Amino acid sequence: MPHFLSTIDWSREELDNLLKVAGELKNEPIRNSMKGRSIALLFLNPSMRTRTSFDLGMQQLGGIAIVLQPGKDAWGVEFEPGVIMEGDAEEHIAEVAGVLSRYCDLIGIRAFPQFKDWSVDREDRVIKALARYASVPVINMETIVHPCQEMALMMTLREHLGDVQNRKFLLTWTWHPRPLNTAVANSAALISTKFGMDVTLLCPEEAYRLDAQFEEAATRFASEQGGSFQVTHNIEEAYSGAEIVYAKSWGALPCYGRPDEERMLREKYRHFIVNEEKMAMTDDALFSHCLPLRRNVKATDGVMDADYCVAIDEAENRLHVQKAIMMRLLGTAPRRF
Ligand code: CP
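None of the values given here were measured: they were computed from a predicted structure.

A. Up close: the overall build of the chain. Along the chain, the regular secondary structure elements total 13 helices and 11 strands. The globule rule puts the C-alpha radius of gyration for 337 residues at 20 Å, and the 20 Å found for the chain is close to it. Across its three principal axes, the chain shows a C-alpha extent of roughly 55 × 50 × 35 Å. Every one of the 337 residues in the chain was classed for burial, and the buried ones make up 57%. Of the contacts made within the chain by residues no fewer than 6 positions apart, 80% connect residues no fewer than 24 positions apart. Within the structure as shown, the chain displays about 14200 Å² of accessible surface, and the carbon and sulfur contribution to it stands at 50%.

Right under this line is the structure:
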C-alpha cells in the first residue's frame, strides 16, 4: 500500500505526475473524485495552512475531513511499541490506527520532533508507527520532513520559471528566537536536487548543517539528475547569481535538546535575515518561505511585499498538490506516465 511519508521514496517521474495532476486541479478545483471518501487529520502540533488546505481540499473533491488533536480534543496517544502505558496517553497508536483505518480512507499526521534527542527524532518513529499499524494510506503533514510543502514549492517554482533544471536555488538559514524544526530545510534540499537544480545551502557554521541522511540524499539526487549540491557559510558567495532564495530557520543539531546553549550560538547570526540588499546581489531571484514567518526577523517587510515574493503562491499550491496526493493514494488520479 502506498504512503506519502517522504519524497525520498517517490521517483522523479511519480512526483512529476503529481505536479501535473495538481496543475489540472488548480484549473478545475471542484470535482467528485473523493465522493464518499474521508481523511482523518491527526494534529499533534499547531497548524493554519495544513489544516485548512487538507480540510478544504477534501471538501472540494466531494469528501470529508475529520480533524483530531490527540491530547486536546481526542485521547492522548502512545507511539512506542511494548511500552507500559503509565503516562498521560490513554491509548496506543495500534488501536488508533486500526480504528481510524476502519472509519476513514486516508490518515494524515503532523508530529513534530520532541527536541530532546536527535538520534531518536531522526528516525521519524511516530509516523512510521502509524504507517505500520494503519491499513489505509498515511500522509506526512510534517514530521522531520514536510513533503507536501516541498511539492507546493516545486509547483510554484515551475509556474514562475518553467523548467527548473540547473536553476540556482539558494536555501538560506535565517535567525529566529527559538531553535526550529529542520523539516522544511530537509525537504527543500530533497525536492530541489530531485528536480536537477543547482542548490546552495547557506548556514552560519558547520553546526547548522542538515542531518547527514538528508545531505547525502540531496547529493545523490543532484548527481542522478544533473544538478549540484554545495554548502557554504559565505553570504555574498551564496546570494551572488541566485535565481531563487528560499529561507528557513532551524536549530543546530549538535545542540539539540539544549536550547539555552543553542541560543548563545545563534545570537551572533541575526544578520542572516533576508533583506533587499541581499536580494540585490541575486540574479533577479524569486523569494519564498513556507510560512508562518516573523517579519523583520527572518525577512524584511520590503522582501515580503516585493513582487518577487511568491510565498502566498506556495501556500495556495499546498491545496492543489495535496488534492493530487490524496487522489493518487486512493487511485482516483489519472496516471500521466
Ligand atoms: N507551512 C505550514 O505547514 O503551515 P502551517 O504550520 O500553518 O500548517
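Back to the write-up after that little detour.
B. Main features of helix H2 (residues 49-60). Look at H2: 16 Å from first C-alpha to last across 12 residues, which is about the 16 Å you get at 1.5 Å a residue. Taken as a whole, H2 has its buried residues at Arg49, Thr50, Ser53, Phe54, Gly57, Met58 and Gln60. Burial along H2 is one-sided: seen end-on, the buried residues are contained in an arc of 160°. Of the surrounding secondary structure, the elements contacted by the buried residues of H2 are strand E1 (38-43), strand E2 (64-68), strand E5 (106-110), strand E6 (138-140), helix H6 (147-161) and helix H13 (311-329). In the segment just after H2, glycine 62 is the residue with positive phi, at about 90°.

C. Main features of the site of the ligand. Around the ligand sit Ser47, Met48, Arg49, Thr50, Arg110, His146, Gln149, Cys290, Leu291 and Arg318, and those are all the residues in its vicinity. Taking arginine 49, its side chain carries an N or O atom lying 2.9 Å from an oxygen atom of the ligand. Between an oxygen atom of the ligand and a side-chain N or O atom of arginine 318, the distance comes to 3.1 Å. Protein contacts shield 93% of the accessible area of the ligand, which totals 250 Å² for the unbound molecule. Of the residues that constitute the shell around the ligand, the class distribution is three nonpolar, four polar and three charged.

D. Region of the structure containing the sheet that holds E5. Read across the sheet, four strands follow the order E2-E1-E5-E6 without closing on themselves; strand pairing throughout is parallel. Edge positions in the open sheet fall to E2 and E6, since each of these has one partner strand only. Strand-to-strand twist in this sheet, taken as the mean axis angle between neighbours without regard to direction, amounts to 20°. Bridge analysis of E1 against E5 gives five bridges, and the strand direction is parallel. Counterpart to isoleucine 39 in the pairing with E5 is leucine 106. With respect to the sheet, H13 is in contact with E1, E5 and E6, its orientation differing from that of E6 by roughly 155°.

E. The arrangement of the packing of helix H7 (residues 183-194) against helix H8 (residues 212-225) in detail. Remark: H7 packs on H8, axes separated minimally by 8 Å, with the N-to-C direction vectors making an angle of 15°. Overall, the two elements H7 and H8 adopt an arrangement that is roughly parallel. The two elements H7 and H8 meet at a crossing, and its hand is left-handed. Residues Asn186, Ala189, Leu190, Thr193 and Lys194 of H7 pack against Phe214, Ala217, Ala218, Phe221, Ala222 and Gln225 of H8. Classifying every residue of the contact of H7 with H8 by side-chain character gives seven nonpolar, three polar and one charged.

F. View of the packing of aromatic side chains. Considering all chains together, one arrives at nine aromatic pairs under this definition. On the basis of an interplanar angle of 55° and a centroid distance of 4.8 Å, the ring pair of tryptophan 173 and tyrosine 208 is categorised as tilted. Note that tryptophan 173 is positioned in strand E7 (residues 168-173) and tyrosine 208 in the loop between strand E8 (198-202) and H8, a separation of 35 residues in sequence. Taken as a pair, tryptophan 173 and tyrosine 208 share a single burial class, namely buried. A centroid spacing of 6.2 Å and a plane angle of 85° characterise the contact between tryptophan 173 and tyrosine 269, whose relative ring orientation is edge-to-face. Of the two residues, tryptophan 173 sits in strand E7 while tyrosine 269 sits in the loop between helix H10 (259-266) and helix H11 (276-280), which places them 96 residues apart along the sequence. The class for tyrosine 269 is buried, based on a relative accessible area of 10%. Aromatic ring contacts, followed pair by pair, group Trp173, Tyr208, Tyr269 and Phe272 into a single cluster. Across from the ring centre of phenylalanine 221, 4.3 Å away, lies the NZ or CZ of lysine 194, which sits over that ring. Lying across the ring of tryptophan 175, arginine 270 places its NZ or CZ 3.9 Å from the centre.

Definitions and limits used
In every chain, residue numbers begin from 1 and rise along the written sequence. At least 70 in pLDDT is required for a residue's local features to be given in this predicted model, at least 80 for side-chain atom pairs to be given and counted, and no such filter applies to totals for whole chains, interfaces and linings, which use all residues. By convention in this description, side-chain values take in all heavy atoms of the structure and omit both hydrogens and water. Only DSSP runs of H or I covering at least 4 residues are called helices, and only runs of E covering at least 2 are called strands; the numbering of each starts at the N terminus. For this measure, only C-alpha atoms enter the radius of gyration; the expected value for a globule follows 2.2 Å times N^0.38, where N is the number of residues. Note on exposure labels: buried denotes an accessible area under 20% of the residue type's maximum, exposed denotes more than 50%, and partly exposed covers the range between, all computed with a 1.4 Å probe on protein chains only. In this description, contact between two residues means that some pair of their heavy atoms is separated by no more than 4.5 Å. What sets the accessible areas is the Shrake-Rupley method with a 1.4 Å probe; for residues, cover comes only from the shown protein chains. For a helix, the expected span equals 1.5 Å multiplied by the number of residues minus one. By construction, the arc corresponds to the directions joining the helix axis to the C-beta atoms. Throughout this document, a residue counts as near a molecule or strand when at least one of its heavy atoms sits within 4 Å of that molecule or strand. Any N or O atom pair separated by 3.5 Å or less is treated as a polar contact, with the protein-specific requirement of one donor-capable and one acceptor-capable atom, and with residues adjacent in sequence counted only for side-chain atom pairs. In this classification, Asp, Glu, Lys and Arg are treated as charged, Ala, Val, Leu, Ile, Met, Phe, Trp, Tyr, Cys and Pro as nonpolar, and every other residue, Gly included, as polar. DSSP bridges decide pairing: two strands pair if at least two such bridges lie between them. Structural elements are reduced to axes, namely lines fitted to C-alpha atoms, with helices fitted over the stretch in contact, and the angle between N-to-C directions of any two is expressed from 0 to 180 degrees. Just so you know how the angles are binned, under 35 degrees is roughly parallel, over 145 roughly antiparallel, 65 to 115 roughly perpendicular, and the rest oblique. Crossing handedness is defined as follows: a turn of the near helix away from the far one that is anticlockwise and smaller than a right angle gives a left-handed crossing, while the clockwise case is right-handed. To pair, rings of Phe, Tyr and Trp, with the six-membered ring standing in for Trp, must have centres within 6.5 Å; the planes then decide the type, stacked if under 30 degrees apart, edge-to-face if over 60, and tilted in the middle. Two conditions define a charge sitting above a ring: the NZ of Lys or the CZ of Arg must be within 6 Å of the ring centre, and it must be within 35 degrees of the ring normal.

Function cannot be inferred from these measures alone, as they are strictly geometric.
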